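Structure at a glance
Below are the chains, spelled out letter by letter.
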Amino acid sequence: MHMWEEQLATASIRAAAREQGLSNLLESLPRIVPDITHQYTSFAVDSEYMQVKVRGMHAFQVSLAGRAIERARRGAAPISVVDIGDSAGTHIRYLQEVYKNIPLECMGVNLDEHAVMRIRDMGVRAMQVRAEDLVSQGITADIFLLFETLEHLMNPVQFLRDVSQRTACQALVLTVPYLARSRVGLHHIRSSRHEPCGPENVHVFELSPADWSLLLRHAGWSIIEDRLYLQYPRRGLLRLLKGYWRLRDFEGFWGAVLERDRTWTDLYQGW
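Residues numbered from 1 in each chain as written. Predicted model: local features only at pLDDT ≥ 70, side-chain atom pairs only at ≥ 80, totals over all residues. Heavy atoms only, no water.

Thoughts on the overall build of the protein
From N to C terminus, the protein includes 9 helices and 9 strands. For 271 residues, the compact-globule formula gives about 18 Å, and the C-alpha radius of gyration of the protein, at 18 Å, lands near that figure. Its C-alpha atoms put the protein at 50 × 40 × 40 Å along the principal axes. Out of the 271 residues belonging to the protein, those deemed buried represent 52%. For the protein, the share of sequence-separated contacts (at least 6 apart) that also reach a separation of at least 24 residues comes to 75%. Element-wise, carbon and sulfur atoms account for 51% of the exposed surface of the protein, whose accessible area totals about 13,300 Å². (Helix = DSSP H or I, 4+ residues; strand = E, 2+ residues; numbered from the N terminus. Rg over C-alpha atoms; globule rule 2.2 N^0.38 Å. Buried < 20%, exposed > 50% of the residue type's maximum accessible area, 1.4 Å probe, protein only. Contact = heavy atoms within 4.5 Å. Areas by Shrake-Rupley, 256 points an atom, 1.4 Å probe, with all protein chains shown as cover.)

Right, here's the structure in full:
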């Protein structure tokens, strides 16, 4: 990425955050977790552009999770939160600080042993387990977080149904990349990259919000609230970067707060 391109993309995200009411949260997150350079196993967050891009997405996710936490608040009783696909314990630390007046009992889970080590280094309880095996391992919570993870799963419908039917959670908060039209990911095959890969860096399904919404209802959920976070503003000259983001990365991310609802899943006789 050229320097001018990084500067333009950074300006786009900052303008989008202001427009979407996320600027204050975006600016406060580095005070909670100062260093996110090694947030992920497969790449480093090592430039101003990458820092702003990742923090912008984090601000959106934290704001959405906060809605579920506020709904679940019950006086002095703690709320259990499990972050599925947690890469470094960062979101849990954000939430513990932003909602420090609400008692939270938190844990991160990930298949990757390096991610589990990073979570524990953050002072957060962690378990190494596949998302698909979470329920069979007896892991439960009042609130499950699923940030940029659903698109990586081989069988997202069965996973979603297991969490809905076999846990007593109050809410599932998820975010996925935003696409106006659904597609299969598997970009390493599209581009003929013959190199080892894994769940962290391979998207299987990249669906539109409308199609994710159908699958969620089919798998035993109803949407209490949903939001779209864009990486460009809708107003001003920087809105012209919509096409750039679509080609270069994603236009943004779609998120939802879900609650268990058997209305549609019980009608399907093929489980």
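Observations regarding the sheet that holds strand 4 (residues 143–147)
Remark on secondary structure: sheet strands pair via backbone hydrogen bonds, oriented parallel or antiparallel. Reading across the sheet, the 7 strands line up as 3-2-1-4-5-9-8 and stay open at both edges, with mixed pairing between neighbours. The outermost strands of the open sheet, each flanked by one partner alone, are strand 3 (125–128) and strand 8 (221–230). Adjacent strand axes in the sheet meet at a mean angle of 20 degrees, parallel and antiparallel pairs treated alike. Across 4 bridges, the pairing between strand 2 (residues 104–110) and strand 3 is parallel. Residue pairing in the sheet places M107 in a bridge with R125 of strand 3. Strands in contact with helix 3 (residues 48–72) are strand 1 (79–84), strand 2, strand 4, strand 5 (171–178), strand 8 and strand 9 (252–260); relative to strand 9, the strand with the most contacts, it is inclined by about 15 degrees. (Pairing = 2+ DSSP bridges. Axes fitted to C-alpha atoms, helices over the stretch in contact; angles between N-to-C directions.)

Thoughts on the nonpolar core
Formed by 51 residues in total, the largest nonpolar core has its most connected members in I69, I79, L95, L104, I143, L145 and V173. Broken down by element, the residue count for this core peaks at 13 residues, all from helix 3. Once you skip the residues sitting within four places of it in the chain, I143 turns out to touch A68, I69, A72, I79, S80, V81, V82, A171 and V173. Judged by nonpolar contacts, the second largest core, of 30 residues, contains M107, A131, L172 and L207. (Core = buried A, V, L, I, M, F, W, Y, C linked by side-chain atoms within 4.5 Å.)

A few points about the packing of helix 1 (residues 3–19) against helix 2 (residues 23–32)
It is the contact of helix 1 with helix 2, at a shortest axis distance of 7 Å, that shows an interaxial angle of 120 degrees. Judged by the inter-axis angle, helix 1 sits oblique to helix 2. The residues of helix 2 that touch helix 1, namely those facing R14, A17 and R18, are S23, L26 and E27. Grouping the constituent residues of the contact of helix 1 with helix 2 by class yields 2 nonpolar, 1 polar and 3 charged. (Parallel < 35°, antiparallel > 145°, perpendicular 65-115°, else oblique. Nonpolar A, V, L, I, M, F, W, Y, C, P; charged D, E, K, R; others polar.)

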